[in-house]
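Geometric and topological summary
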Amino acid sequence: MSKGDIRNLLRRDSRADRVVPPTGFTAHLTLFVSGAMAFLAVFALALSLASGRLADRWASELAGAATLRINAPAEQRAAQTQAALTVLSQTPGVASARALSTEEQAALLAPWFGPDLPLDTLPVPQLIEIIEGDPGLDATGLRLRLGAEVPGAVLDDHSRWREPLVGAANSLRRLGWISILLIGGATAAMITLAANASLAANAQIIEVLRQVGARDRFIAGAFVRRFTFRAFFGAAVGTLLGMTGVLLLPEASDEGGFLTGLGFQGLGWVLPVVIPLLGASVAFLATWSAAHRKLKELS
């Protein structure tokens, strides 16, 4: 089908438009399905984009940092901490390294043990924050050197739990796009059923039109236009409601974690505008295919 044929099918024709009843259960079904699916597509798109942002943030923030834990008796902890800092200062790929203060370590443990944790009376290891630079940290070589010079040091480059977190976020992003594809397929199926029902209900009118010389392209065009514009209007309303719902979601915050910041950001707000156009395209293809099959059956 050429672009000219598509334009001819969508061009308004008052005579052909009277072939398809403007109201009825097929009209309500098309509007409802298009609106509901567009509403769900907006949230699936928001989830996919938010998961992508989360995966990128986790990958960038955690890849450039590591933690060194000093597990040593209290009387040796200060000496081993200083020895570890000396090793790190001589290690290529380490941009900076510093030992966390008692207040900073207490703040890290506060969410689990409360703000009044007495670190002085507990065997809490000393933590050293490492910021990687170029060309990157050789974690294996650093572990070997630390094992020889600082026996109580344990290096954690965050790879054990960074990769599963990033993988989970990427899986959510893929799930969002798969959901959008399934929504499109369900929309096409429902509109096809509605178009078939409308064609079957108007079988006698189609027969009369054929007897007076109407071509199948003229008849099919009437159904294609009606269902395409119904789907576009329903999808536009559903998209508007969905964007309103996304706008009302809580903004991103460190306290809320992943449960916040699921909305669109920046140019991402433009993407939902495409949903009504995609809905109309799906309706166009589904109705055009259904109309031609049904007209062949009625021949």
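1. Observations regarding the pairing of strand β1 (residues 65-70)
- Summarising the sheet, β1 and strand β3 (residues 126-132) pair through six bridges and their orientation is antiparallel. Bridged to T67 within β3 is E129.
- In the sheet, β1 pairs with strand β4 (residues 153-156) via four bridges, with the strands oriented antiparallel. Of the residues in β4, the one forming a bridge with L68 is L155.

2. Topic: the sheet that holds strand β2 (residues 94-99)
- An order of β2-β3-β1-β4 is seen for the four strands of this open sheet, with the pairing classed as antiparallel. Taken across any chain shown, the strands that pair with only one partner, and hence form the sheet edges, are β2 and β4. On average, adjacent strands in this sheet sit at an angle of 20° to one another, irrespective of strand direction.
- Of the strands in this sheet, β1, β2, β3 and β4 touch helix α4 (residues 74-89), which is tilted by about 10° from β3.

3. A look at the pattern of salt bridges
- Counting across every chain of the model gives three salt bridges.
- One salt bridge in this structure joins R98 and E104, with 3.0 Å as the shortest N-O distance.
- Residue class for R98 comes out partly exposed when judged on its relative accessible area of 36%.
- Two residues, E149 and R145, come together in a salt bridge whose shortest N-O distance is 3.0 Å. In this pair, E149 and R145 both sit in helix α6 (residues 139-149), four residues apart, roughly one turn of the helix.
- Judged by its relative accessible area of 44%, E149 falls in the partly exposed class.

4. Details of helix α8 (residues 203-211)
- Of all the residues in α8, the buried ones are I206, L209 and R210. Across the axial projection of α8, the buried residues extend over an arc of 100°, all falling on one side. Exposed and facing more than 90 degrees away from the buried side of α8 are Q204 and Q211.
- Residue G213 follows α8 closely and has a positive phi angle near 105°.

5. Some points on the packing of aromatic side chains
- Following the criterion strictly, the structure yields two aromatic pairs and no others.
- For the ring pair F39 and F43, a centre distance of 5.1 Å and an interplane angle of 55° mean the geometry is tilted. Taken as a pair, F39 and F43 lie in helix α3 (residues 25-63) at a separation of four residues, close to a single helical turn.
- On the basis of relative accessibility, which here comes to 32%, the residue F39 falls in the partly exposed class.
- Between F264 and W269, the ring centres sit 5.2 Å apart and the planes meet at 65°, which makes this aromatic pair edge-to-face.
- Owing to a relative accessible area of 5%, F264 belongs among the buried residues under this scheme.

6. Details of the layout of surface pockets
- In this model, the largest pocket occupies a volume close to 320 Å³.
- Where the lining of the largest pocket is concerned, the elements lending two or more residues are α3, α7 (159-201) and α10 (274-297).
- It is α7 that provides the largest number of residues to the lining of the largest pocket, a total of six residues.
- Among the residues forming the lining of the largest pocket, the class breakdown is 14 nonpolar, four polar and no charged.

7. Notes on the pairing of β3
- Here β2 runs beside β3; their pairing, made up of five bridges, is antiparallel. Bridging from a neighbouring strand, A99 pairs with I128 of β3.

8. Observations concerning α6
- All of the buried residues in α6 are A139, L142 and L146. The buried side chains of α6 occupy one side of the element, clustering within an arc of 60° when seen end-on. Exposed positions of α6 whose direction lies more than 90 degrees from the buried face are T140, L144 and A148.
- Each element contacted by the buried residues of α6 is listed here: β1, α4 and β4.

9. Here's the deal with the packing of α8 against helix α9 (residues 216-247)
- Their axes nearest at 10 Å, the elements α8 and α9 cross at an angle of 145°. For the crossing formed where α8 meets α9, the hand is right-handed. Residue-level contacts link I206, L209 and R210 of α8 to D216, I219 and F223 of α9.
- Of the residues contributing to the contact of α8 with α9, the split by class is four nonpolar, no polar and two charged.

Calculation rules
Residues numbered from 1 in each chain as written. Predicted model: local features only at pLDDT ≥ 70, side-chain atom pairs only at ≥ 80, totals over all residues. Heavy atoms only, no water. Pairing = 2+ DSSP bridges. Helix = DSSP H or I, 4+ residues; strand = E, 2+ residues; numbered from the N terminus. Axes fitted to C-alpha atoms, helices over the stretch in contact; angles between N-to-C directions. Contact = heavy atoms within 4.5 Å. Salt bridge = Lys/Arg side-chain N within 4 Å of Asp/Glu carboxyl O. Buried < 20%, exposed > 50% of the residue type's maximum accessible area, 1.4 Å probe, protein only. Arc of directions from axis to C-beta. Phe/Tyr/Trp six-rings, centres within 6.5 Å; stacked < 30°, edge-to-face > 60°. 1 Å grid on protein atoms, 1.4 Å probe; cavity = no way out; pocket = protein on both sides within 12 Å on 5 of 7 lines; lining within 4 Å. Points joined across faces, edges and corners; volume = space filled by probe spheres on them. Nonpolar A, V, L, I, M, F, W, Y, C, P; charged D, E, K, R; others polar. Left-handed = near helix turned anticlockwise from the far one by under 90°.

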